[in-house]
Amino acid sequence: MIFGYAGQALLGIALVLAGFQAFGPARLDAPHRLAYGQALFLFSAFMLLTYAHVTDQFSLLSVVQHSHTAKPLLYKISGVWGNHEGSMLLMVLILVVYGAVVARQVKGIDAPYSLAIPLMGLMNFGFLLFVVMACDPFAIADPIPLEGQDLNPLLQDPSLAIHPPILYAGYAGFSVPFIFSVATLIHGKMPETFASLMRPWVLVAWTFLTLGVGLGSYWAYYELGWGGWWFWDPVENAALMPFLTATALVHAVCTLAVTKSLRLWTLFLSILTFALCLFGTFLVRSGLLTSVHNFAVDPERGAFILILSSFLMLPALGLFLWRLKEMRSPIPTTPASRQGLILMMTLILVTGTATIALGTLYPLILETFGLKITVGAPYFNATFVPMMLPLLVLLGLGLWYSWAGQGLSPSSSKWLLPIVCLTFLSVLVAYYGFGVCHVLGLAAFMGAVWSILATVAYAIKKKKILSGTIFAHLGMGVAILGMVGSSLGEKELITVVKVGDKVAVGPVSLTLLNVIDKDGPNYKAQRAILKINPDGPLLTPEKRLYWTQGVIHGESAIRSVGFGRLHHIYVTLGEAYEGKKWSIHAYYKPFINLLWIGILLMVFGGILASRKRFRTLKRVFPMMMILLQPTICIDAHEQLANPDLEERARALSQVILCPTCQGQLVDGSPVEAAIQVRRDIRDALKQGQSDDQIMKSLSAQYGPQVIITPRKDWSTSVLWFGPWAIFLLIFGLFLHKNRQKTQKGD
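Residues numbered from 1 in each chain as written. Predicted model: local features only at pLDDT ≥ 70, side-chain atom pairs only at ≥ 80, totals over all residues. Heavy atoms only, no water.

### Here's the deal with the overall build of the chain
Turning to step 1, where the next piece is worked out: In terms of helices and strands, the chain carries 23 helices and 10 strands.
Turning to step 2, where the next piece is worked out: Taking 2.2 N^0.38 as the reference for a compact globule, 746 residues should give roughly 27 Å; the C-alpha atoms of the chain span a radius of gyration of 27 Å, in line with that estimate.
Turning to step 3, where the next piece is worked out: Dimensions of the chain, computed from C-alpha atoms along their principal axes, come out at roughly 80 × 70 × 55 Å.
Turning to step 4, where the next piece is worked out: By the burial criterion, 58% of the 746 residues in the chain qualify as buried.
Turning to step 5, where the next piece is worked out: Per element, the accessible surface of the chain, about 31,000 Å² overall, is 65% carbon and sulfur.
Turning to step 6, where the next piece is worked out: With 55 positive and 40 negative side-chain charges, the chain shows a separation of 17 Å between the mean positions of the two kinds. (Helix = DSSP H or I, 4+ residues; strand = E, 2+ residues; numbered from the N terminus. Rg over C-alpha atoms; globule rule 2.2 N^0.38 Å. Buried < 20%, exposed > 50% of the residue type's maximum accessible area, 1.4 Å probe, protein only. Areas by Shrake-Rupley, 256 points an atom, 1.4 Å probe, with all protein chains shown as cover. Lys, Arg positive; Asp, Glu negative; His and termini not counted. Charge placed at Lys NZ, Arg CZ, Asp CG, Glu CD.)

### Regarding the pattern of salt bridges
Turning to step 1, where the next piece is worked out: Applying the stated rule across the entire model yields 14 salt bridges.
Turning to step 2, where the next piece is worked out: Ionic pairing is found between D56 and K76, a salt bridge with its closest N-O pair at 3.0 Å. Of the two residues, D56 sits in the loop between helix 2 (31-54) and helix 3 (61-66) while K76 sits in helix 4 (residues 73-78), which places them 20 residues apart along the sequence. For the pair formed by D56 and K76, the shared burial category is buried.
Turning to step 3, where the next piece is worked out: A salt bridge links E555 to R544; its shortest N-O distance comes to 4.0 Å. One end of the pair, E555, is in strand 7 (residues 551-555); the other, R544, is in strand 6 (residues 542-546), with 11 residues separating them in the sequence.
Turning to step 4, where the next piece is worked out: Overall, the relative accessible area of 13% leaves R544 in the buried class.
Turning to step 5, where the next piece is worked out: Three or more residues are tied together by salt bridges with common partners; here these are K518, R527, E542, R544 and E555. (Salt bridge = Lys/Arg side-chain N within 4 Å of Asp/Glu carboxyl O.)

### A look at helix 9 (residues 194-223)
Turning to step 1, where the next piece is worked out: In this model, helix 9 (30 residues) spans 43 Å end to end at C-alpha, consistent with the 44 Å of a helix rising 1.5 Å per residue.
Turning to step 2, where the next piece is worked out: Among the 30 residues in helix 9, 27 count as buried, and that is most of the element. (Expected span 1.5 Å × (residues − 1).)

### So, the environment of L392
Turning to step 1, where the next piece is worked out: Along the polypeptide, L392 turns up in helix 15 (residues 384-397).
Turning to step 2, where the next piece is worked out: Distance from L392 to V499, taken between C-alpha atoms, is 48 Å for residues 107 residues apart in sequence.
Turning to step 3, where the next piece is worked out: Discounting chain neighbours no more than four positions away, the residues touching L392 are A444, G447, A448, W450, S451 and I480. (Contact = heavy atoms within 4.5 Å.)

See below:
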């Protein structure tokens, strides 16, 4: 029990120091030392908790609930933040460390930066109070058990060991631009150094957030076993929204640094981005929305986070409105300038954020009126995705315009004309050569090719190869290519095989060599050994029984193949059948590695840009659920003999939610209720029912919320048409302002 008391004492001291930093006398001799002290005591508390997990101290409740003596060391360490209490401690630790660095950075500098120290103390005090009162990681177990309950198998994965700390570093990082913005609003005057001081923090936080979102997507891709990298899950949306506004903030603060315009817009985006980070924290922990990513389902904790967020955000927004006049600056509405195009890009990003927010929250709004719907991929594919296409055009074009607003130079036009021709040529090749007929896919492909070619050409012309902007823009284009290629060219196979059988998925053959038993530290597994092509590498998917929890979990096997090893063969192992046969689920995913390469390029771009900014400033800065069951879902024996009917059955299964799981499609759910729905769909198809009849029948049986495509009637008119109305309104205002400016110039 000594661990519990010692940990609580360390948290208590950190809380007191934060209180002094926030509410102490204004003329403290060295207020920055209070920030250092918080970081020291909170780091000690975190290390103590880590030691307790590593050495199986079951006197702590969090260790009992999320650890086991047989668990591998890596997952004992990652188990510290693999739960609500430990993850909050980690997030607050990162927040406090950022606060200590800020305190050192602004030490001895006058207002408004000096205000950052008490404001940081106030924020730290609120979060520490939340940890101490609502999610104590040092709560003592009574009675003390001899063994723990182990960590969720889904979290026993190397990606999940690093994904949360990286994501929290991004979330917490945006607290600094928020604090600087609030301090400036309180002061009432923006200093000349505002953009240069804030830009490194924005770039670092954006880099961490991009990497964190990418790691989360990659984890879902290979760990959940359904082969997808984005599901438009509410919690995924909660991470995507701050990424979009943060990207807008990166561009706005750069524009502010160069042109002294967009002051209000930069302040607003700073507040909005951190508000969305807090909103994501609230969604993951409140249980308000169902998701496989939920950390906790506790309305009381959710209410605490909501109150804390409101306490921080409402005064900030009030200050913003109060200072509208003082902070006003020129609005670059001229499209023939880099700053004008950047403003358009940020408007698109913010409109996309509003679209995602509407799609995420609209089911909750309707539920208050007794109506139930689910908003899934079909809605976002019809609204958000086409809305983002102009962004790709601006991504490549914006670099070629100067800050002076003189339009394209003749030399730039000479470069861009061949790029435009090459872009159209590539689309013709995709259409006629590879038979790609998907209109949205072709448009996204064209935008990606354009942005890549325009960025590379600009880098060559300007001889700016090692530039953060170049890598970030290039990464976005490459990632879009990966998304398009893997989505349009994917091949799938679900079949039963025995040892020696050879099957084909896409251009690749798979031969089952053997299925063996394997004992892990805390699980027993069946491991299939498959060979890719006659002379290719091996694939070893596993089906594991975690005897510590009695949970069956599948581990997919992935190999890169083909041109440049850009494609994936992805296999999961399913049920065993009589006669030593096994069901396997295999995907061929062309160009999927471009998605992960693109994300890494963006991260590298962020690192390059951050490094440059910090070097310029010469500052010291430390670069610093869910019980989803087995992975395989639809099994081979469920399939219909008629391929057309089977294709319709799969299509229907991919737009219907499991009636009992948390936010999972019936196509990817192994529970009995989902299996029954899949049977019902196939039975109905065999009886000759239409897709519409089947959907209506399932909707009547389980409720309309099981269908992820929201219906189109009066109750969802805001959902379907609202984003486009916002989009048109914003760009109508942009064009109107530009016209007014032109007339005044005349």
